[in-house]
Amino acid sequence: MATLNFGEAALQTSVEFLKGIGAFKALLLQKELGIFNFNDLLHYFPYRYLDTTQVQSINSLQPDQEWVQLKGIIMNFQEHGTGFKKRLTATLYDPGGQMELVWFQGISYVLKNIQPNTAYTVFGKLSFFNGFPTITHPELEKVQVGAQEKTDTMLPSYSVTEKLRVKGITNRNFAKLTQALFSKINAADVYETLPQAVLQQYGLMGRFEALQQIHFPANADRLSRARHRLKWEELFIAQLKISQSNLRNKAQAGFSFPTIGNVFNDFYEKFLPFPLTNAQKRVIKDIRTDTLKGRQMNRLVQGDVGSGKTIVALLSMLMALDNGFQSCMMAPTEILAQQHFEGISKLLENMPVKVVLLTGSVKAKQRKPILQGLADGTVHIVVGTHALLEDNVVFKNLGLAVIDEQHRFGVGQRAKLWQKNSLPPHILVMTATPIPRTLAMTIYGDLEVSVIDELPPGRKPIVTMHRFDHYRPKVMDFIRHEIENGRQIYIVYPLIDESEKMEYESLMANYEQVKTHFPDPRYNVAMVHGRQDPGEKERNMQRFIKGEAHILVATTVIEVGVNVPNASVMLIESAERFGLSQLHQLRGRVGRGSEKSYCILLTSTELSKESRQRMSIMTQTSDGFVIAEEDLKMRGPGDMYGTRQSGALDFKIADIVQDADIVVATKEAAEQLLSHDPQLSLPDNRLLYLALHQTQKGQPMPWSKIS
Ligand code: ADP
Ligand code: MG
């Protein structure tokens, strides 16, 4: 078939050829907004719409209003200060009142272009100073006197830069460019990516219409349908990618573990220290089923802190051993690896199972026999850190890799483990940071998920309190009381960057201060932080684990996994500097024994609204899933779990928090479509296939490949 040379090719035309642009402005658009061609402009969406029917009056403005639109005349332009302190003010009058407008930038532009005594529509973010309303850097639009009020009330407004504004391309003027664009293109220039069947089934607007409506909506309803369609397309394409890789994973051949043998059974009958919870049993059953199929397992186990994931990992590793395979367990920190190693060695002390520890700090001399044992198969289980990924770590027959605290490792690291045997080993990833459902669907879509939603019996809820700094002496009294009752205490400080000198010094100062609160020589204070060498860190940690130290002053190096059941108080200093999930992780270090436990959040009195909200969520709930959802809502997806680096959430218009229902719908739709056309090779799905393989953002689709 001949190459199609109509349609989207038109969208590759440079914007230079649009009415009112020309070479100079084209260059400016390129530099300032990355807009090169028609296609880029078409996808540069308005950030808001001016609804000329919605006008407030100045004397009804309230401090809790954020964005407001007013109409009035502007007078009394006055310049104040000089240089960097320069500022321009003016007064806006409407029939009921007056208020101040302020500019710190673009002053000469405003003075030149805004006419005093003329009616303007004023839009901006409202703030109050000493009880008086003001707007800084308002958007101004001249009211067309005498002109017929247009019937369409939704005028697009685009974000532009200062440089563009100076050249007369303002938030509102920008619409002239998109208008010019739409006079040059029509429906035939913009292909429909979604198959007809999908459009119909989900009642979606066509692509060209959606693009038209998002720039120039006929009304609020059409706009919301247009946005819905564009978000849908974006999420659908993401879900298709995930589902396809999922299908590939599912088809990946893997080792089969048909036997439940002596090792597993002996351990289960003789040495299991407690009955498993039903949730733990269910997860083990999932793993058993996965490893029977002759396909590679890729399973994520989500279970709140303290839900007992380690024993699940151990039992899975014993299953592997019964089938002649080795296992590895990888933890994100040395402390955690050490702790897993000790815990597992203890549980297996009367079993014929060889367990070793391999971390970065294991010296060459000790390393040699370990590597030897892994290569000749005399070592059955290795616990370690990233050190396990190194190329010189060679296994005789690795069958299972457990990754603890998954969110700290990247996908690439997971992939490295695949290379360690002739077939990729089964992968079991465990996380105590519950991943909100939509996020899991989006970034961990290639993993099957099991949930441990039940805590072992007998756990007492942790009492969480929020206190202000000046309450510290009372907190210290309380801590002394707990120590006298035989308990141990964590005190955690936020260190954002452990290598930073100032932060380090303030940690030291705090450590000294804690010691002065406990001058009695019977009380021992230990400290761990990221600057210590592993040996020193380990020694201090051991003093606390063994009960020799009563207080552990720490940075977040102890965030994950550390298990000291006798610790009953987690005191978090400057708690406002931690995110919700981190606070929840830290809190999970206590409440692991039979004693009543406490988490005390100390903050300064001057808290932002968000910080206050975080503290109140922490005191109200201990449900990790609720906290993760709240965290996602407050922070947005970009900040979480290293997703920023992954780029998986780099959506242009969709938002997986607000558009959770679309995430769910598109996942279903993607699976349905792929079930009868896994390669997207049917003619109806051909354009979708190309959209999926469109590599760079803003690039036109590679339509020329249609032949
Ligand atoms: P996490 O899921 O946070 O990794 P761990 O595996 O460290 O949790 O388990 C937390 C504590 O609970 C450990 O002391 C462990 O021995 C104990 N534990 C785990 N499962 C059970 C159970 N079924 N019954 C009683 N205690 C359990
Ligand atoms: Mg754990």
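Just so we're clear, the structure is a prediction, and the values are computed from it rather than from any experiment.

Trainee: Any chance you could explain the environment of S256 here in plain terms?
Mentor: Positionally, S256 belongs in the loop between α8 (220-251) and α9 (262-271). The exposure class of S256 is partly exposed, given its relative accessible area of 32%. Along the chain, S256 and N323 lie 67 residues apart, while their C-alpha atoms are 8.3 Å from each other. Not counting residues within four places of it along the chain, the set of residues in contact with S256 comprises T291, L292, G294 and F325. Within the local environment of S256, its side chain forms a polar contact with the backbone oxygen of L292, the two atoms lying 3.4 Å apart.

Trainee: Before we go on, may I ask you to explain the pairing of strand β12 (residues 381-384) in this structure?
Mentor: Within a regular strand, side chains alternate between the sheet's two faces. By the alternation rule, side chains of β12 split into I381 and V383 and V382 and G384, which are all buried. Looking at chain direction, strand β11 (residues 355-358) and β12 are connected through four bridges and run parallel. By the bridge assignment, L358 is partnered in β12 with G384. Between the parallel pair β11 and β12, the chain is carried across by helix α13 (residues 364-376), and the sense of this crossover is right-handed.

Trainee: Hey, could you run me through the sheet that holds strand β21 (residues 597-603) in this one?
Mentor: Strands belonging to one sheet form pairs held by backbone hydrogen bonds; the direction of such a pair is parallel or antiparallel. Spatial ordering of the open sheet is given by β16-β21-β20-β17-β19-β18, a layout of six strands whose pairing is parallel. Both edges of this open sheet fall to β16 (462-468) and β18 (525-528), since each of them pairs with a single strand only. Shown here is a sheet whose adjacent strand axes are inclined to one another by a mean of 20°, direction ignored. Relative to β16, helix α20 (residues 609-620) is tilted by about 155°, and along the sheet it contacts β16 and β21.

Trainee: What am I meant to see in the site of ligand 1 here?
Mentor: As a structural note, the neighbourhood of ligand 1 is formed by 16 residues, with Q280, G306, K309, T310 and R459 the closest of them. A distance of 2.9 Å separates a nitrogen atom of ligand 1 from a polar atom in the backbone of P275. The separation between a nitrogen atom of ligand 1 and a polar side-chain atom of Q280 is 2.9 Å. Look at ligand 1: alone it shows 570 Å² of surface, and the protein chains cover 81% of it. Tallied by class, the residues present in the shell around ligand 1 amount to five nonpolar, seven polar and four charged.

Trainee: I tried to follow the packing of helix α7 (residues 207-215) against α8 on my own but got confused; where do I start?
Mentor: Helix-helix packing is characterised by the crossing angle of the two axes and by the distance between the axes. Viewed as axis vectors pointing N to C, α7 and α8 meet at an angle of 125°, and their least axial separation amounts to 8 Å. Accordingly, the angle class assigned to the pair α7 and α8 is oblique. Between α7 and α8 lies a crossing of left-handed hand. Along the contact surface, α7 presents R207, E209, A210, L211, Q213 and I214, while α8 presents R222, L223, A226, R227, R229, L230 and E233. Among the residues forming the contact of α7 with α8, the class breakdown is six nonpolar, one polar and six charged.

Trainee: Any chance you could explain the packing of aromatic side chains here in plain terms?
Mentor: Here the distance between the centres and the angle between the planes together describe a pair of aromatic rings. Under the counting rule described, the total for this entry stands at 15 aromatic pairs. An angle of 35° between the planes, with centres 6.2 Å apart, marks the rings of F77 and W103 as tilted. On the criterion of sequence distance, the pair formed by F77 in strand β2 (residues 67-80) and W103 in strand β4 (residues 97-103) is long-range, its members being 26 residues apart. Residue classification places F77 among the partly exposed residues on the basis of a relative accessible area of 22%. Owing to a relative accessible area of 4%, W103 belongs among the buried residues under this scheme.

Trainee: How should the confidence of the model for the chain be read in this particular structure?
Mentor: In regions of low pLDDT, the predicted coordinates are not meant to be interpreted in detail. Residues at a pLDDT of 70 or more form 90% of the chain, whose mean pLDDT is 86. Overall, residues 1-6 carries pLDDT values under 50, and its contacts beyond four positions in sequence, including any with other chains, amount to eight contacts. The low-confidence segment residues 695-707, where pLDDT is below 50, has 28 contacts with residues more than four positions distant or belonging to other chains.

Trainee: How do you make sense of the environment of T333 when you look at a structure like this?
Mentor: Looking at the secondary structure, you find T333 in the loop between β10 (326-330) and α12 (334-347). Judged by relative accessible area, which is 19%, T333 ranks as buried. Within polar-contact distance, the side chain of T333 engages the backbone nitrogen of L336 at 3.1 Å.

Trainee: Would you mind showing me how to read the nonpolar core here?
Mentor: Grouped burial of nonpolar side chains is what soluble globular proteins tend to show. By size, the foremost hydrophobic cluster in this structure holds 41 residues, and its most contacted members are F267, L314, L318, L348, V353 and I381. Secondary structure elements with two or more residues in this core: α9, α10 (278-292), α11 (309-322), α12, β11, β12, β13 (398-404) and β14 (426-431). Sorting elements by how many residues they give to this core places α11 first, with ten residues. Those residues in contact with F267 that lie beyond four places of it in its chain are N262, L272, I311, L314, L315, L318, L347, L348 and M351. If you look at the next biggest cluster of nonpolar residues, it comprises 37 residues, including F38, F182, V190 and F208.

Trainee: What am I meant to see in the sheet that holds β13 here?
Mentor: A sheet is described by the order of its strands in space; here seven strands give the open sequence β11-β12-β10-β13-β14-β9-β15, paired in parallel fashion. Sheet topology places β11 and β15 (448-452) at the edges, where each strand pairs with a single neighbour. Sheet twist, expressed as the average angle between the axes of neighbouring strands with direction ignored, equals 20°. Strand direction decides the pairing type here: β10 and β13, joined by five bridges, are parallel. Residue pairing for β13: M329 is matched across the bridge by V402.

Trainee: What exactly am I supposed to notice about the pattern of salt bridges here?
Mentor: Applying the stated criterion across every chain yields a total of 19 salt bridges. With its nearest N and O atoms 3.2 Å apart, the salt bridge here joins R48 to E139. Here E139 lies in strand β7 (residues 139-142) and R48 lies in strand β1 (residues 48-51), a separation of 91 residues in the sequence. Each member of the pair, R48 together with E139, is buried. Where E233 meets R207, a salt bridge forms, and the shortest distance between an N and an O atom there is 3.6 Å. Placement of E233 in helix α8 and of R207 in helix α7 is noted, with a sequence separation of 26 residues between them. Each member of the pair E233 and R207 is classed as buried. Three or more residues are tied together by salt bridges with common partners; here these are E192, R207, R229 and E233.

Trainee: When you look at unusual backbone geometry in this model, what are you seeing that I'm missing?
Mentor: Apart from glycine, the bulk of residues carry a negative phi angle, and the bulk of peptide bonds sit in the trans form. A positive phi angle, close to 65°, is found at N117, a residue other than glycine. Structurally, N117 can be placed in the loop between α3 (107-113) and β5 (119-129). A positive phi is found at L680, a non-glycine position, where the angle reads about 55°. Relative to the assigned elements, L680 resides in the loop between α23 (660-676) and α24 (686-693). Overall, the relative accessible area of 0% leaves L680 in the buried class.

Trainee: What is the right way to read the side chain of S307 from this model?
Mentor: By the secondary structure assignment, S307 is in the loop between β9 (298-303) and α11. Assessed through its relative accessible area of 1%, S307 is described here as buried. Within the structure, S307 has its side chain in polar contact with the backbone oxygen of D304 (distance 2.8 Å). Discounting chain neighbours no more than four positions away, the residues touching S307 are Q280, I452, E454, L455 and P456.

Trainee: What exactly am I supposed to notice about α10 here?
Mentor: Within an α-helix, residues lying three or four positions from one another point in the same direction, as the helix has 3.6 residues per turn. Compared with the 21 Å implied by 1.5 Å per residue over 15 residues, the 21 Å span of α10 between its first and last C-alpha is a close match. Along α10, the positions that sit buried rather than exposed are A279, Q280, V283, I284, I287, D290 and T291. The buried residues of α10 occupy one face: seen down the axis, they fall within an arc of 135°. With respect to the buried face of α10, the exposed residues turned more than 90 degrees away are N278 and K285. Each element contacted by the buried residues of α10 is listed here: β9, α11, β14 and β15. Just downstream of α10 lies G294, where phi reads positive at about 75°.

What counts, and at which threshold
Position numbers for residues start from 1 in each chain and track the written sequence from start to end. Ligands are numbered from 1 and chains lettered from A, in the order in which they are written. In keeping with the model being predicted, local features are shown solely for residues with a pLDDT of at least 70 and side-chain atom pairs are shown and tallied solely at 80 or more, while totals for entire chains, interfaces and linings include all residues. Hydrogens and waters are ignored; side-chain quantities use all the structure's heavy atoms. A run of H or I in DSSP counts as a helix once it spans at least four residues, and a run of E counts as a strand once it spans at least two, with each numbered from the N terminus. Partly exposed describes any residue whose relative accessible area lies between the buried limit of under 20% and the exposed limit of over 50%, with all areas from a 1.4 Å probe on protein chains only and scaled to the type maximum. The contact criterion used is simple: two residues touch if any of their non-hydrogen atoms lie within 4.5 Å. We call two N or O atoms a polar contact when they sit within 3.5 Å, provided that within protein one can donate a hydrogen and the other can accept it, with sequence-adjacent residues counted only if both atoms are side-chain atoms. Following DSSP output, two strands are said to pair if at least two bridges run between them. The path from the first strand over the helix to the second decides the hand: if it runs clockwise while the strands point away from the viewer, the crossover is right-handed. To obtain an axis, a line is fitted to C-alpha atoms, over the contacting stretch when the element is a helix, and the angle between two such axes runs from 0 to 180 degrees between their N-to-C directions. Summary of the distance rule: residues count as near a molecule or strand when at least one heavy atom falls within 4 Å of that molecule or strand. Only the protein chains shown count as cover for residues, and all accessible areas are computed by the Shrake-Rupley method using a 1.4 Å probe. Three classes are used, and their members are as follows: Ala, Val, Leu, Ile, Met, Phe, Trp, Tyr, Cys and Pro are nonpolar, Asp, Glu, Lys and Arg are charged, and the others, Gly among them, are polar. An angle counts as roughly parallel when it lies under 35 degrees, as roughly antiparallel when it exceeds 145, as roughly perpendicular when it falls between 65 and 115, and as oblique in every other case. The handedness criterion is simple: a crossing whose near helix is rotated anticlockwise from the far helix by less than a right angle is left-handed, and one whose near helix is rotated clockwise is right-handed. Two rings from Phe, Tyr or Trp (for Trp, the six-membered ring) form a pair when their centres are within 6.5 Å of each other. A pair whose planes differ by under 30 degrees is stacked, one over 60 is edge-to-face, and the rest are tilted. pLDDT: the predictor's confidence for each residue, scored from 0 to 100. Throughout this description, the term nonpolar core refers to a set of buried Ala, Val, Leu, Ile, Met, Phe, Trp, Tyr and Cys residues connected via side-chain atoms within 4.5 Å. What makes a salt bridge here is a side-chain nitrogen of Lys or Arg within 4 Å of a carboxyl oxygen of Asp or Glu, nothing more. Here the expected length of a helix is defined as 1.5 Å per residue gap, with one fewer gap than residues. Arc, as used here, means the arc of the directions from the helix axis to the C-beta atoms.

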